[in-house]
Amino acid sequence: MARGEGKGESVARLSNQIACIKYTLFCFNIVAWIVGAGLFAFTIFIRAEPGFDEWIAILDVYQYYIGVYILIATGAFVMIFSFLGCCSALMEHSSALYLFIGTQVFLFLLTVIGSAILLDYSTMNSSIQPLIRETMLRFIVTSEHPHSSAALKLIQESIGCCGADGPNDYMVMRQPLPLECRDTVSGNAFFNGCVNELTWFLEDKSIWAAIMAMILAAVHTCNGVLGIVLVQALKREEEAMNRR
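Cut-off values and rules
- Residues numbered from 1 in each chain as written.
- Predicted model: local features only at pLDDT ≥ 70, side-chain atom pairs only at ≥ 80, totals over all residues.
- Heavy atoms only, no water.
- Salt bridge = Lys/Arg side-chain N within 4 Å of Asp/Glu carboxyl O.
- Helix = DSSP H or I, 4+ residues; strand = E, 2+ residues; numbered from the N terminus.
- Expected span 1.5 Å × (residues − 1).
- Buried < 20%, exposed > 50% of the residue type's maximum accessible area, 1.4 Å probe, protein only.
- Arc of directions from axis to C-beta.
- Disulfide = S-S within 2.5 Å.
- Core = buried A, V, L, I, M, F, W, Y, C linked by side-chain atoms within 4.5 Å.
- Contact = heavy atoms within 4.5 Å.
- Polar contact = N/O pair within 3.5 Å; in protein donor to acceptor, adjacent residues only side chain to side chain.

Caption draft 1: Region of the structure containing the pattern of salt bridges. Per the stated rule, a full pass over the model turns up four salt bridges. The salt bridge partner of E49 is K205, with a shortest N-O separation of 2.6 Å. Here E49 is found in the loop between helix 1 (2-48) and helix 2 (52-59), whereas its partner K205 is found in helix 8 (residues 194-243), with 156 residues between them in sequence.

As structure tokens, then:
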């Protein structure tokens, strides 16, 4: 009798542990869904922001959108898989939980890769800067052409910068310093080049998307670990029930 009671207490304890893990996993999936929805909305806004696509086209830096597209897909997948994760946890179905663990590994890799690519094409000393520099220098060399002149005017007036790395770019290339390179109040040339100014402009947008992606990566890690623990607990519970 005491032995049976001991087994019963063991099964009850396992059931309580499973319930605790299950509802913790449920809460983590809700957090993942909320952050994933925020990431999806924010990256969609970046891609669809009025006028932003024009800047990307002028600078010819469409590589910036690679990371944005990956994070858009990540946000959509997170919302779908988080819902399925909640269902698999509540049903206590081992096969569904194994599938859920696999999706968490996939989403972890997707968030890390997407944020890494985004930051590699939007931060200081990243791959985006040589591309912007090349485009700006090409505009300066061909500044007598209407298209190049208009692009330089738009960039330098809007951002408050001059040349690729500063006003010396015009002197080196023996081109006249345009009026839009000068401060309208002091008349002095802008000190900062457009490469750094444009990179800071892109970085301000990308950093928030990368932060949300890293939060998701941490949540996916927790979800994967909790999923494995829950599967093992369910196996132990099943073995304990069979021994009774």
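Caption draft 2: Quick peek at helix 5 (residues 128-141). Spanning 14 residues, helix 5 covers 20 Å between terminal C-alpha atoms, matching the ideal 20 Å at 1.5 Å per step. I128, Q129, I132, T135, M136, F139 and I140 are the residues of helix 5 that are buried. Down the axis, helix 5 shows its buried residues gathered within 140 degrees of arc, on one side only.

Caption draft 3: Summary view of the state of the cysteines. Applying the stated criterion to the full structure yields two disulfides. Across a sulfur-sulfur distance of 2.0 Å, C161 and C194 are joined as a disulfide pair. Judged by the sign of its S-S torsion, about 90 degrees, the cystine formed by C161 and C194 is right-handed. Of this pair, C161 sits in the loop between helix 6 (146-159) and helix 7 (168-172) while C194 sits in helix 8, placing them 33 residues apart in sequence. The same class applies to C161 as to C194, namely buried.

Caption draft 4: Quick peek at the nonpolar core. By size, the foremost hydrophobic cluster in this structure holds 42 residues, and its most contacted members are Y64, I132 and I155. Elements supplying a minimum of two residues to this core: helix 1, helix 2, helix 3 (64-91), helix 4 (94-120), helix 5, helix 6 and helix 8. The element best represented in this core is helix 8, accounting for nine residues. Ignoring anything within four residues of it in the chain, the contact list for I132 reads L59, V61, V195, L198, T199 and L202. Listed in part, the twelve residues of the second largest apolar core include F100, L226, V231 and A233.

Caption draft 5: Spatial organisation of the side chain of S126. Looking at the element boundaries, S126 is found in the loop between helix 4 and helix 5. A distance of 2.4 Å separates a polar atom in the side chain of S126 from the backbone oxygen of T123. Setting aside anything within four residues of it in sequence, one finds S126 in contact with L119, D120 and Y121.

Caption draft 6: Main features of the side chain of T199. Examined against the element boundaries, T199 turns out to sit in helix 8. Other than its neighbours up to four places away in sequence, T199 contacts S122, T123, M124, I128, Q129 and I132.

Any functional reading would require information beyond the geometric quantities listed.
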